[in-house]
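Architecture at a glance
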Amino acid sequence: MTSTQETVAPAAAPARMSLPTLTAMVVGGMVGAGVFSLPARFGVATGVLGALIGWAVAGAGMLMLAFVFQNLAVRKPDLDSGVFIYAKAGFGDYAGFNSAIGFWASAVAGNTFYWVFITATLGTFVEAFGDGDTLLAVAVSTVGVWLFHYLIARGVRDAAVINRIVTIFKVLPILTFVVVLLVVFDAGVFADNFFAYDDLGTLGEQVKNTMIITTFVFLGIEGASVYSRYAKRREDVGRATVLGFLSVLSIFALVTLSSYAVLPREQIAEMRQPSMIGVFESVVGPWGATFISVAVIVSVLGAYLAWTLMAAEVMYQPARNDDLPELLGRENRVGTPIMALVVTSIAVQALLVLTLFVSDALNFMLDLCTSLALIPYFLAAAYALKIALTGEGYEGVDPRVQRRHAIVAGVATGYTLFLFVAAGLEFLLLSTVILAPLTLLYVKARSEHGRRLFSPAEAVLCVVIVVAAVVGILGLATGRIAL
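Here is what the cut-offs are and how they apply
- Residues numbered from 1 in each chain as written.
- Predicted model: local features only at pLDDT ≥ 70, side-chain atom pairs only at ≥ 80, totals over all residues.
- Heavy atoms only, no water.
- Helix = DSSP H or I, 4+ residues; strand = E, 2+ residues; numbered from the N terminus.
- Buried < 20%, exposed > 50% of the residue type's maximum accessible area, 1.4 Å probe, protein only.
- Contact = heavy atoms within 4.5 Å.
- Areas by Shrake-Rupley, 256 points an atom, 1.4 Å probe, with all protein chains shown as cover.
- Phe/Tyr/Trp six-rings, centres within 6.5 Å; stacked < 30°, edge-to-face > 60°.
- Axes fitted to C-alpha atoms, helices over the stretch in contact; angles between N-to-C directions.
- Parallel < 35°, antiparallel > 145°, perpendicular 65-115°, else oblique.
- Left-handed = near helix turned anticlockwise from the far one by under 90°.
- Core = buried A, V, L, I, M, F, W, Y, C linked by side-chain atoms within 4.5 Å.
- Patch = residues over 30% accessible without salt bridge, like charges linked within 9 Å, V, L, I, M, F, W, Y side chains within 5 Å.
- Salt bridge = Lys/Arg side-chain N within 4 Å of Asp/Glu carboxyl O.
- pLDDT = per-residue confidence, 0-100.
- Expected span 1.5 Å × (residues − 1).
- Polar contact = N/O pair within 3.5 Å; in protein donor to acceptor, adjacent residues only side chain to side chain.
- Nonpolar A, V, L, I, M, F, W, Y, C, P; charged D, E, K, R; others polar.

**Observations concerning the overall build of the protein chain**
Along the protein chain, the regular secondary structure elements total 20 helices and 0 strands. Counting the 483 residues in the protein chain, one finds 60% classified as buried. Within the protein chain, residue pairs in contact and separated by at least 24 positions form 83% of the contacts whose partners lie at least 6 positions apart. As presented, the protein chain carries roughly 18,300 Å² of accessible surface, and 67% of it is formed by carbon and sulfur atoms.

Listed below in C-alpha cells is the structure:
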C-alpha cells in the first residue's frame, strides 16, 4: 500500500451491480459453511418433525426480515449501506455505531469460522490440520486471508463478479447432494426419524435448539442492502433480498430433510463436521467424501469473499458519515475501502491466532458470529416498525399497505428478540466484551469533528454495555463463561 493509493476520494466511479449480481451477493453470503453442517446440527437437536417446525419458524421470521430490508429500500431510497444507516436514522448516532460495529465484528468472527471450517475439512485427509485449530491450519489460513485481501483490494467490481461465478459452482454440488438423496429416499428411515425424541427435551426445546444454526446459515440476507449504493436500479435491492432468501431457504430445508431419509438420526448426530460429507459418502461411497470436500472449500471461500466485502463496506460507510475515525474512510485508486479492508483482515488474523487457545473453536466462532449479528438485525427491524407506525416515508401510500408493512416489521422485530433468548446470556455478554472497547472508535470519531459524545439516552446505553462487558470479563475470569 503506497501513499498514492491512500486517497480520501475515489478516482474511479463505483461499479454498478445488476439484479443477478446483487442476488448472487445475497446467496453467496448465506451459502457458506453452515449448509454443510446442517445434517449433524439438526440431528443432535431434533427429528424430522422438529426440523419441519424449525425451518417453518426460521423461514417465516427471516422472510419477514427480508421483507423489512425490501420495504426499507423502497421507503428510504436515500439511505445506503442499510444495516448501519437504518439504525442511525431511527435511533441516533450511537445506536447506528453499535449496529455497524456489531455487524463488522460478526463478519470477522464468521470469516474466522470459515477458515477453521476449511482446514477442519482438510483434516479429514491430512491429520496435521486437526479440527482447524493447529499451527498448520492457522498458517494456511493466514496465507488465504492475505491472498483474498489482495484480490479485494484490486476493486469491488472484480471481486463481485468472481463471487457471482463462485456462487454458481458452489450451489451445484449442494443440489447434486439433494437430488441423489431424494433418488435413494427411504420412506421407512424417514418415518423412523419423523417424531420428536424424549431424550432431546420437549418439542419446543428441540425447535429452540435449532434456532442458532438456522440464524447462522441465513446471515447475509442483508447483502444486497449493504451494497445498495452499487445497484443499477434501487428496486433491485429489495428484489435481490427476497429472491436470494427464498432460493437459499429451499436449499437448506431440502439438505436437512433429505438427510433424514437415508440414515437414522442418531447416526447423523454422531458424524464429524462437515457432516454432509459423511451423509453423502454413506450413500455413494468414498468418492462422495472428496466431492463434498471440494464443494465445501469452494463454497466457503466464496462466502468468505462476500463477507469480507460486506465487512469492509460496513466499516467504510460509518467512517464516511463521521461515526468512525476518518482513517477508515480512505479508498484506494480503484475505489476499494482500503483501510477498512486492512483492519478487517488484521482482525481475522488475530482471531485465527486465538483459535489455538480456544476449546472447540468451530462452534465458538459460529455462536459468537450469530450473537453479534442479532444487534443490527433487531435495530433494522425496529426502525422499519417505527416508520410504519409513524407514517414516515409512506406519504401518499394506501393505509392498508402501511398497516401490512407495520405487521411485517412487528413480526420481524419479535423474531429477532426471540433469537436473543435462543442465543443465551453467555454469548450476549461476550458480544458486549467486544462492543465496549470498540466504543473508543466512536469517541475518536466524535472528537475529530468536535461533536458531543453522547446524549443522555446514549450515555445510559453506553453504561449498560460497559457494565455487561465487565460481567462478561468476570465470567471469563472465573470460568463461568468458557471459551
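Moving on from the coordinates now.
**Looking at the packing of aromatic side chains**
Here the structure, examined in full by the defined rule, presents 21 aromatic pairs. Pairing Phe69 with Tyr377 gives two aromatic rings, centres 6.4 Å apart and planes at 70 degrees, and the pair type is edge-to-face. Highlighted residues: Phe69 in helix α3 (residues 48-75) and Tyr377 in helix α17 (residues 361-390), separated in sequence by 308 residues. Judged by centre distance (6.2 Å) and plane angle (80 degrees), the ring pair of Phe378 and Phe420 falls under edge-to-face. Linking Phe378 in helix α17 with Phe420 in helix α18 (residues 399-423), this pair joins segments that are 42 residues apart in sequence.

**Quick notes on the packing of α17 against α18**
Where α17 meets α18, the axes come as close as 8 Å, and the angle between the chain directions of the two elements is 155 degrees. It follows from the interaxial angle that α17 and α18 lie roughly antiparallel. As α17 packs across α18, the resulting crossing turns out to be left-handed. Of α18, the residues touching α17 (which contributes Ser371, Leu374, Ile375, Tyr377, Phe378, Ala381, Ala382, Ala384, Leu385, Ala388, Leu389 and Thr390) are Gln402, His405, Ala406, Ala409, Gly410, Ala412, Thr413, Thr416, Leu417, Leu419, Phe420 and Ala423.

**Quick word on the nonpolar core**
One finds Phe218 and Phe252 to be the most contacted residues of the largest nonpolar core, which totals 146 residues. Examining the composition of this core, we find that 18 residues originate from one element, α17, more than from any other. In this structure Phe252 touches Met30, Val31, Val35, Leu38, Trp55, Val217 and Phe218, once residues within four positions along its chain are discounted.

**Some thoughts on a nonpolar patch on the surface**
The grouping of Ile168, Phe169, Leu172, Leu175, Val294 and Val298 at the surface amounts to a nonpolar patch, some 540 Å² of accessible area in total. Tallying contributions element by element places helix α7 (residues 156-183) first for the nonpolar patch, with 4 residues. Mapped onto the fold, Leu175 is located in helix α7.

**Observations regarding the environment of Leu362**
Note on placement: Leu362 falls in helix α17. Classification of Leu362 by relative accessible area gives buried; the value is 13%. Between the alpha carbons of Leu362 and Gln273 there is a distance of 9.5 Å; along the sequence they are 89 residues apart.

**Focus: the confidence of the model for the protein chain**
Put simply, the protein chain has an average pLDDT of 80, and 87% of its residues get 70 or more. Looking at the elements of the protein chain, mean pLDDT is at its lowest for helix α11 (residues 223-226), recorded as 55, and at its highest for helix α16 (residues 338-354), recorded as 90. Across residues 1-14, confidence stays below pLDDT 50; counting only partners more than four residues off in sequence or on other chains, it has 22 contacts.

**Considerations on helix α20 (residues 456-478)**
For the α-helix, the turn length of 3.6 residues means that residues three or four positions removed from each other point alike. Helix length check: α20, at 23 residues, gives a terminal C-alpha distance of 33 Å against a target of 33 Å (1.5 Å per residue), a fit within 8%. Of the residues making up α20, those classed as buried are Glu458, Cys462, Ile465, Ala468, Ala469, Gly472 and Gly475. The inward-facing, buried residues of α20 contact α5 (93-122) and α19 (425-448).

**Here we look at the environment of Ala340**
Within the secondary structure layout, Ala340 lies in helix α16. Ala340 gets classed as buried once you look at its relative accessible area, which sits at 0%. Once residues lying within four places of it in the same chain are set aside, the contact partners of Ala340 are Ala312, Met315, Tyr316 and Leu328.

**Quick look at the pattern of salt bridges**
Pairing between side chains becomes possible if they bear opposite charge and their charged atoms approach one another. Summed over all chains, the structure comprises 6 salt bridges. Between Arg400 and Asp398 there is a salt bridge; the shortest N-O distance is 2.9 Å. Exposure remark for Arg400: the relative accessible area of 57% places this residue in the exposed category. Through salt bridges that share partners, Lys88, Asp93 and Arg446 make up one connected network.

**Describing the side chain of Ser258**
Take Ser258: it is sitting in helix α12 (residues 235-259). Relative accessible area serves as the criterion here: at 2%, Ser258 is assigned to the buried category. Setting aside anything within four residues of it in sequence, one finds Ser258 in contact with Phe177, Val178, Leu181 and Leu182.

**Remarks on the side chain of Thr432**
Mapped onto the elements of the fold, Thr432 is located in helix α19. One polar contact links the side chain of Thr432 to the main-chain carbonyl oxygen of Leu429, over a distance of 2.6 Å.

**Examining the environment of Leu425**
Topologically, Leu425 is positioned in helix α19. Residues Leu425 and Gly472, spaced 47 residues apart in sequence, show a C-alpha to C-alpha distance of 9.6 Å.

**Observations concerning the packing of α5 against α16**
The contact between α5 and α16 brings their axes to 9 Å, and the two run at 55 degrees. Between α5 and α16, the interaxial angle falls into the category oblique. Of the two elements, α5 crosses α16, and the hand of that crossing is right-handed. Where α5 abuts α16, its residues Trp104, Val108, Ala109, Asn111, Thr112 and Trp115 lie against Val343, Thr344, Ala347, Val348, Leu351 and Leu352. Here the residues of the contact of α5 with α16 are counted per class, giving 9 nonpolar, 3 polar and no charged.

**Considering α5**
Over its 30 residues, α5 runs 44 Å from end to end, which matches the ideal 44 Å to within 8%, given 1.5 Å per residue. Counting buried positions over the 30 residues of α5 gives 29, a clear majority of the element.

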